[in-house]
Amino acid sequence: MAAAAWVGVFCAITGVAVLWAIVRGGSMSENGVVLLAIGLRVATVVMALAAVQAWGRLIPAWLLLAGLWGAAATQLAYPVAETVVKGLILGGLMDPIDKGISNMSAEGWFNFGGTWLIWGVPGVLFTLAALDHGRKVSTRGRSVALGIGGGIVLLVGLGMVIG
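Draft legend 1. Quick look at the nonpolar core. Judged by nonpolar contacts, the single largest core of 18 residues is most densely connected at V7, A48, L64, L68, W69, F126 and A130. Secondary structure elements with two or more residues in this core: helix 1 (2-23), helix 2 (28-50), helix 3 (61-90) and helix 4 (106-136). Considering each element in turn, this core owes the most residues, six residues, to helix 3. For F126, the contacting residues outside a window of four places in its chain are A3, V7, T44, A48, L68, A71, A72 and Q75.

Printed below as a string of structure tokens:
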């Protein structure tokens, strides 16, 4: 339930920001990627709720478990990668290029905190929801692998659309 609430608040705030941008003359194409992200995150809210609500039993257990793991993997991949890169830089094993995840300026650290707040915390909450749901249902490890693999593929696809 915590995952659904956390992501739901994000969707509401971001949705209002997009609506405000459109009202002020922004186009749908300028906000399309954000709307896609909101739509995907609303789908994760539905999955989180399905894991704890009675109506969730209508969804096959393996599919819901795969979805929860996919949501966890998609949201954790970037903050974990940034943590690893920053750790390598701090450990002297990598030189920063001062942009992206290797940005070690104050702005880079601010963005790092934001990344964990927007993506990492929900990723951890979805991991906990997936572990809890996995204990309640009889499923195979393929659901976990399918979810994590699918989540990473989705993340790479979104990166290609954005970039």
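Read on for the rest.
Draft legend 2. A look at the packing of helix 3 against helix 4. Where helix 3 contacts helix 4, the two axes come as close as 8 Å, and the packing angle between them is 145°. Both helix 3 and helix 4 take part in a crossing whose hand is left-handed. Here the residues of the contact of helix 3 with helix 4 are counted per class, giving 22 nonpolar, nine polar and two charged.

Draft legend 3. Structural detail: helix 4. A rise of 1.5 Å per residue sets the reference length of helix 4, with its 31 residues, at 45 Å; its end C-alpha atoms lie 44 Å apart and thus fit the reference within 8%. At L117, helix 4 is deflected by roughly 40°, the largest bend along its length. Taken together, the buried positions of helix 4 are occupied by G108, F112, T115, G120, P122, G123, F126, T127, A130 and H133. For helix 4, the secondary structure elements touched by its buried residues are helix 1, helix 2 and helix 3.

Draft legend 4. Representation of helix 1 within the structure. If you check helix 1, its first and last C-alpha atoms are 32 Å apart, about what 22 residues at 1.5 Å a residue would give, namely 32 Å. Looking at helix 1, one finds that the buried residues are A3, A4, V7, C11, T14 and V18. Around the axis of helix 1, the buried residues are gathered within 110° of arc, so they sit on the same side. Those residues of helix 1 that are exposed and aimed more than 90 degrees away from the buried face are V9, I13, V16, L19, W20 and V23. Of the surrounding secondary structure, the elements contacted by the buried residues of helix 1 are helix 2, helix 3 and helix 4. A positive phi of about 110° marks G25, the residue just after helix 1.

Calculation criteria
Residues numbered from 1 in each chain as written. Predicted model: local features only at pLDDT ≥ 70, side-chain atom pairs only at ≥ 80, totals over all residues. Heavy atoms only, no water. Core = buried A, V, L, I, M, F, W, Y, C linked by side-chain atoms within 4.5 Å. Buried < 20%, exposed > 50% of the residue type's maximum accessible area, 1.4 Å probe, protein only. Helix = DSSP H or I, 4+ residues; strand = E, 2+ residues; numbered from the N terminus. Contact = heavy atoms within 4.5 Å. Axes fitted to C-alpha atoms, helices over the stretch in contact; angles between N-to-C directions. Left-handed = near helix turned anticlockwise from the far one by under 90°. Nonpolar A, V, L, I, M, F, W, Y, C, P; charged D, E, K, R; others polar. Expected span 1.5 Å × (residues − 1). Bend = angle between axes of the 7 residues up to and from the residue. Arc of directions from axis to C-beta.

Just distances and angles here, no functional claims.
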